[in-house]
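# Breakdown of the fold
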Amino acid sequence: MERPFAARRALLHPLWLGSLALLALNDHVLKGAGILPGALTGKLSDFAGLVVAPALLATLLRLGSRRSLFFAHLATGAVFAAIKLSPAAARGFEALAALTPFPWQITVDPTDLMALPALALAWRVLLPAMQRPLPERPLVQRTAVVFGSLACAATSEPVEPPPECGPDFCGVTPTESGALSLGNTTSDERLVRLRPLKDSVQVDCDTLLANPESALSRELFAPAEAWLLQPGRGLPLQNNDVAGCVAYLIDADGLSPTLLAWSSATFPTQFVSTSTDAPDGRMVPLSLDSNGKLSIGPHAVVFKAPALEEPPVAPGCGSPDETVGIEWSTPLPLGGPWLVESVISSPDDCHALVLQNKSTMYVCVPGAAMPFKAGDSIKINETEIVGGSYGESNGEAPEGKALFIRSETHTVLAVRGNVLARYEMTGGNAPVSEPTVESDLAEGCGGAHDECGSLLVPLEVSYLGDHVPSITFLRAGSSLSLTDGYGTLHLVRAEAMPIRDTDCPPFARSSRHYESVLVVPAGP
């Protein structure tokens, strides 16, 4: 026979007590203390509250059947989902709470729904506890009910009364830490969505701030954070960058996506007003224009949002197609010598080197950079490029990969990374005295975005000095014949990435990317 349920027994379970303690600690200590990120403390209260609330509700209503307990969990989840998805439901719940000693202010945020699995945890763990025979401890259980009710009532931020004085604020103006604030100057509450740049995005501030609309792509922004902004209130916008500049993509119902971008040197973090009645020059107004349409600005940090589709690239300013580049198969048949039985080349400049008694090796380099033929004996090696000083790396630490293929007649060096292939890497016999190599952005080219949203700007590479008859400028797709047996350089790709998503390969940690091949003939 199934034992009867008693919801009050769950209030003595370690899971319920631990969740209650976490809820109280998070709301009264961790929130706003800077110990944990604000996004995390907000979600902790949701998870802990959804464990505490159903058993507490069932205890207060004296529910005692599996069916009624199920509906207590279901009702908790339904109310939670409603107030997190619907501003109308949130305002209705706030109106009911205002009749109690614990008025609430609810932030409508659909991302809080990720806490709903906590209800399943509470059902699975606490329901059996409600059947477990335990000694009655009425005082302890009543104390748990009281503290649980107080903790749940304090989960949301209390409503702050409006300032008692007029536009000049004879009282204390509400402020919070931030660089700027987004102020709702309309007469209605507004649900706004903010998308900061992804944590993986690195930017050159001069490039970003010179033309934010063109420099950025929508793919570079993180998922939206939703905020319900009351009339007359401001939402602090943070300097959450490490590179000296900040960007947010903002939209709202009735508002087209709008870009905010600024330098943290121009707008450093300080205490900014969160009331539109006390503008301090750091409030970006959200208002209605002359046609009654919601808009942002005017303010120096307001720009048009990046286009949904990539605009046409200026003539001569496009990067090579994504399929153009240097590549080789892995794992490589390292070592050697290996006898080449045949070389099969395809129109896309990829070559199959069929090796005797070894797996076929594939390498993609320009046709002019593939000197090997059937009957050649070759040695193969691969290495990482680290250390050294290279003018074309833009002052960044060298990084990249190099492939060496050697025969009796030629050495082929293929390099991908933020440096170019050069004779000194081949270990050749000639005295090493490299020419001066520098690179700069191609004049008149604003760049274009790749599929990850990174901004690619073509580079122009200059060679001057040793083994170069005169100063020579190269772009992707061109070649340079060096004198004194230093070989022929084939420049396959050369582009700067001043704004890049470092989660997207290749070599996105660097602001320069090259793919080049040096073919050096064997000496006499």
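Residues numbered from 1 in each chain as written. Predicted model: local features only at pLDDT ≥ 70, side-chain atom pairs only at ≥ 80, totals over all residues. Heavy atoms only, no water.

## Let's talk about the overall build of the protein chain
Looking only at helices and strands, the protein chain features 8 helices and 26 strands. Buried residues in the protein chain amount to 46% of all 524 residues. Partitioning the contacts of the protein chain with sequence separation of at least 6, the portion at a separation of at least 24 is 68%. Just so you have it, the protein chain exposes about 26000 Å², and 57% of that area is on carbon and sulfur atoms. (Helix = DSSP H or I, 4+ residues; strand = E, 2+ residues; numbered from the N terminus. Buried < 20%, exposed > 50% of the residue type's maximum accessible area, 1.4 Å probe, protein only. Contact = heavy atoms within 4.5 Å. Areas by Shrake-Rupley, 256 points an atom, 1.4 Å probe, with all protein chains shown as cover.)

## Things to note about the packing of aromatic side chains
Applying the stated criterion across every chain yields a total of 4 aromatic pairs. With centroids separated by 5.8 Å and ring planes inclined at 85°, the aromatic side chains of F70 and W123 adopt a geometry described as edge-to-face. Of this pair, F70 sits in helix α3 (residues 66-85) while W123 sits in helix α5 (residues 117-131), and the two are 53 residues apart along the sequence. Classification of F70 by relative accessible area gives partly exposed; the value is 43%. Grouping aromatic residues by their ring pairs yields a cluster made of F70, F71 and W123. One cation-aromatic arrangement involves K358 over W338; the distance from NZ or CZ to the ring centre is 4.6 Å. (Phe/Tyr/Trp six-rings, centres within 6.5 Å; stacked < 30°, edge-to-face > 60°. Lys NZ or Arg CZ within 6 Å of the ring centre and 35° of its normal.)

## Regarding the sheet that holds strand β12 (residues 302-304)
Strand order in the open sheet formed by 5 strands is β5-β3-β7-β8-β12, with antiparallel pairing between adjacent strands. With partners counted over all chains shown, the strands left at the sheet margins are β5 (225-229) and β12, one partner each. Averaged over all adjacent pairs, the angle separating strand axes in this sheet is 35°, with direction ignored. (Pairing = 2+ DSSP bridges. Axes fitted to C-alpha atoms, helices over the stretch in contact; angles between N-to-C directions.)

## Here we look at a nonpolar patch on the surface
Together, F70, F71 and L74 line one region of the surface with nonpolar side chains, adding up to about 290 Å² of accessible area. Of note, L74 is situated in helix α3. When its relative accessible area of 46% is taken as the criterion, L74 is described as partly exposed. (Patch = residues over 30% accessible without salt bridge, like charges linked within 9 Å, V, L, I, M, F, W, Y side chains within 5 Å. Salt bridge = Lys/Arg side-chain N within 4 Å of Asp/Glu carboxyl O.)

## So, the sheet that holds strand β11 (residues 294-296)
The strand order across the open sheet built from 4 strands is β6-β2-β10-β11, with neighbouring strands paired in mixed fashion. Only two strands of the sheet have a single neighbouring strand rather than two, namely β6 (234-237) and β11. Neighbouring strand axes in the sheet, compared pairwise and without regard to direction, differ in orientation by 20° on average. Here strand β10 (residues 283-288) runs beside β11; their pairing, made up of 3 bridges, is antiparallel. Bridge pairing links S287 to S295 in β11.

## Digging into the pairing of strand β18 (residues 400-406)
The element β18 is largely enclosed, with a buried count of 5 among its 7 residues. Direction of pairing for strand β17 (residues 377-385) relative to β18: antiparallel, over a ladder of 7 bridges. For T383, the partnering residue across the bridge sits in β18 and is A402. Note that β18 and strand β19 (residues 410-417) share 7 bridges and pair antiparallel. Bridge pairing in β19 places L403 opposite A414. Counted between consecutive antiparallel strands, the loop separating β18 from β19 contains 3 residues.

## A word on the environment of G49
If you trace the backbone, G49 turns up in helix α2 (residues 38-60). For the pair G49 and L23, spaced 26 residues apart in sequence, the C-alpha to C-alpha distance is 6.5 Å. Among residues more than four places away in sequence, those in contact with G49 are L23 and P54.

## So, the confidence of the model for the protein chain
Chain-level statistics for the protein chain give a pLDDT mean of 83 and a share of 84% at 70 or above. Per-residue pLDDT stays below 50 along residues 156-171; that stretch engages in 20 contacts with residues further than four places along the chain or on separate chains. (pLDDT = per-residue confidence, 0-100.)

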